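Listed below are the residues making up each chain.
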Amino acid sequence: MKPLEGVKVVDLTTFLAAPTAARVLGEWGADVIKVESPSGDPGRTQGAVFGMKYEDDENLGFDMSNMNKRFVTINLKHEKGMALFHKLLSDADVFVTNVRTKSLKKMGLDYDSLKAQYPKLIFAHCLGYGENGPEKDTAGFDVTCYMARGGVFGTTVNEGDAPMIPTNGFGDFQVAMCIASGICAALYNRNRTGSGDKITVSLHHAAAFMLSTAMVSAQYGNHYPKSRRKVICPTNNVFKTKDGKWIALCAPQYDRDYNKIMTLLGRADLVDNENYCNCDHLNELGLNSEVVDIMDEAMKQFTRDELIKLFKKNDLPCEACYEPLDMYEDEQVWANGIMTKLNCPSGQRNITTAPVKFQSLPDPSYKVTVAQGSDTEQVMAELGYTPEEIQAYLAEGAVVGKTALKK
């Protein structure tokens, strides 16, 4: 039995962070019913932004946030549509949404409006900037709330360079796991108290938490953004190799490993150099850049693979800075189920799996997404609507059935 089997989740979400949280709950066994408006989740056409195919029968850009769900289309502006939505909520365990608070209030779907009607309901709200403050009603996206306002762009940039160009949803997928963990904690607490709860996760807050070391240490004078030529520990850095690739060397015990590294890089002449071999002394003299420059020049004499083998053979933590195409060929990825393969019309395709694994369960199976409204009639029937009532709802526009993707 899957850990969340028997849990019913109503998903009123769009784009990435919130729907991905629900996708993970579905992977863990929950019955996730995604409710879309007649215009559909705009995430269905994000393949255009992600640079990938997006059709009803192949849409991995949508799948990665919406696998393992059932799809219904409800017109929440229609009286009967709203009544149907409340019927869904009446026996739901979890309601997940990223609709802005002011819009939820307008529809009567905010937490304060729902908690009296459904006292056992877990209300999970993904926000851009949090519940309070001047930006509480501002539209929130990964790039603006997480990467920019949350400090990621300004902190992780190599000093003097432009901010990185992240993969789409870099912060969203981290936030999704935060939401999923909060929901699970709330479900556990409900088993003890019998009462539901409201949980919120904001993109802005999550980004600051992920940058905790910078957020705490900056007040002690640890300057960000950093230049890779001025880092406190030169052997804890990234380096470009002979073949134009990058590696990451993580040797934070500088004093212990300095001589070994210089010897391996063919610079035995610098072993025990009194200006370079002690990290505190190196920083007092401000010679960090000299050591980085020396290592840069030495690293360029080796290919990426040569350096990885050299450092690992000598027990110095080092890895290639992989790109997605490298990941596809990494045996460690496939040995641990970090990715899985889906059969698509265009052939086998790779997709990442949720990072939490349960020893008691086999590797999860994956149900790819289907066309908008594909499960509307089935879900209504499960709620007790007769075939005649379902047809009437469809005719009146209160709900919409299976609808082909519009581009």
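Scroll up to find the structure this text is about.
Residues numbered from 1 in each chain as written. Predicted model: local features only at pLDDT ≥ 70, side-chain atom pairs only at ≥ 80, totals over all residues. Heavy atoms only, no water.

Chemist: Please provide a residue-by-residue account of the packing of aromatic side chains, values included.
Modeler: Aromatic ring pairs are reported here in terms of the distance separating the ring centres and the angle at which the planes meet. This structure, assessed with the given rule, holds 8 aromatic pairs. With a centroid separation of 5.6 Å and an interplanar angle of 65°, the aromatic rings of Tyr111 and Phe123 are classed as edge-to-face. On the criterion of sequence distance, the pair formed by Tyr111 in helix α6 (residues 111-114) and Phe123 in strand β5 (residues 122-127) is long-range, its members being 12 residues apart. Across this residue pair, the class does not change: Tyr111 and Phe123 are buried. Here the aromatic cluster, defined as three or more aromatic residues joined through ring pairs, consists of Phe85, Phe95, Tyr111 and Phe123. The residue whose ring lies beneath Arg44 is Phe71, and the NZ or CZ to ring-centre distance is 5.2 Å. Seen from the ring of Tyr224, Lys226 lies directly overhead, with NZ or CZ sitting 4.7 Å from the centre. (Phe/Tyr/Trp six-rings, centres within 6.5 Å; stacked < 30°, edge-to-face > 60°. Helix = DSSP H or I, 4+ residues; strand = E, 2+ residues; numbered from the N terminus. Buried < 20%, exposed > 50% of the residue type's maximum accessible area, 1.4 Å probe, protein only. Lys NZ or Arg CZ within 6 Å of the ring centre and 35° of its normal.)

Chemist: Pulling in residues and values, what's your account of the environment of Gly171?
Modeler: Locating Gly171 in the fold gives a position in helix α9 (residues 170-193). Since its relative accessible area comes to 0%, Gly171 is described here as buried. Taking the C-alpha atoms as reference, Gly171 lies 14 Å from Met64; in sequence the two are 107 residues apart. Contact partners of Gly171, with chain neighbours within four places excluded, come to Asp142 and Tyr146. (Contact = heavy atoms within 4.5 Å.)

Chemist: Quick rundown of the packing of helix α7 (residues 142-149) against α9? Include the residues and the values.
Modeler: The geometry of α7 relative to α9 is characterised by a closest axis approach of 8 Å and an angle of 90° between their N-to-C directions. Relative to α9, α7 is oriented roughly perpendicular. For the pair α7 and α9, contact is made by Asp142, Tyr146 and Met147 and by Phe170, Gly171, Asp172, Gln174 and Val175, respectively. Partitioning the contact of α7 with α9 into residue classes produces 4 nonpolar, 2 polar and 2 charged. (Axes fitted to C-alpha atoms, helices over the stretch in contact; angles between N-to-C directions. Parallel < 35°, antiparallel > 145°, perpendicular 65-115°, else oblique. Nonpolar A, V, L, I, M, F, W, Y, C, P; charged D, E, K, R; others polar.)

Chemist: Please provide a residue-by-residue account of the packing of helix α1 (residues 17-27) against α9, values included.
Modeler: Where α1 meets α9, the closest approach of the two axes is 8 Å, and the angle between their N-to-C directions is 50°. Comparing their axes, α9 and α1 come out oblique. In this structure, α1 meets α9 at a crossing whose hand is right-handed. Each of Ala17, Ala18, Thr20, Ala21, Val24 and Leu25 in α1 lies in contact with α9, whose residues at this interface are Asp172, Phe173, Val175, Ala176, Met177, Ile179, Ala180, Ile183 and Cys184. Looking at the contact of α1 with α9 residue by residue, the classes come out as 13 nonpolar, 1 polar and 1 charged. (Left-handed = near helix turned anticlockwise from the far one by under 90°.)

Chemist: How would you explain the sheet that holds strand β8 (residues 246-250) if you had to name every residue and give the values?
Modeler: As summarised here, the arrangement of the 3 strands in space is β7-β8-β9, forming an open sheet in which the pairing is antiparallel. Bordering the open sheet on either side are β7 (236-240) and β9 (318-320), each of which pairs with just one other strand. Averaged over all pairs of adjacent strands, the angle between their axes in this sheet comes to 20°, without regard to strand direction. Bridging between β7 and β8 involves 5 bridges; their strand directions are antiparallel. Paired with Asn237 across the strands is Leu249, a residue of β8. Sitting on the sheet, helix α14 (residues 288-299) is in contact with β7 and β8, with an inclination near 40° to β7. (Pairing = 2+ DSSP bridges.)

Chemist: So what's going on with the side chain of Asn222? Which residues, and what values?
Modeler: Here Asn222 lies in the loop between α11 (212-217) and β7. Here the side chain of Asn222 touches Ser217 through a polar contact of 3.0 Å, side chain to side chain. Among the polar contacts made by the side chain of Asn222, one reaches the side chain of Lys226 at a distance of 2.5 Å. Sequence-distant contacts of Asn222, that is, excluding residues within four places in its chain, are made with Ser217 and Ile232. (Polar contact = N/O pair within 3.5 Å; in protein donor to acceptor, adjacent residues only side chain to side chain.)

Chemist: Explain a nonpolar patch on the surface to me, using residue names and the numbers behind them.
Modeler: The grouping of Tyr322, Leu325, Met327 and Tyr328 at the surface amounts to a nonpolar patch, some 390 Å² of accessible area in total. Mapped onto the elements, Tyr328 comes out in helix α16 (residues 324-328). Tyr328 sits in the partly exposed class, given a relative accessible area of 34%. (Patch = residues over 30% accessible without salt bridge, like charges linked within 9 Å, V, L, I, M, F, W, Y side chains within 5 Å. Areas by Shrake-Rupley, 256 points an atom, 1.4 Å probe, with all protein chains shown as cover. Salt bridge = Lys/Arg side-chain N within 4 Å of Asp/Glu carboxyl O.)

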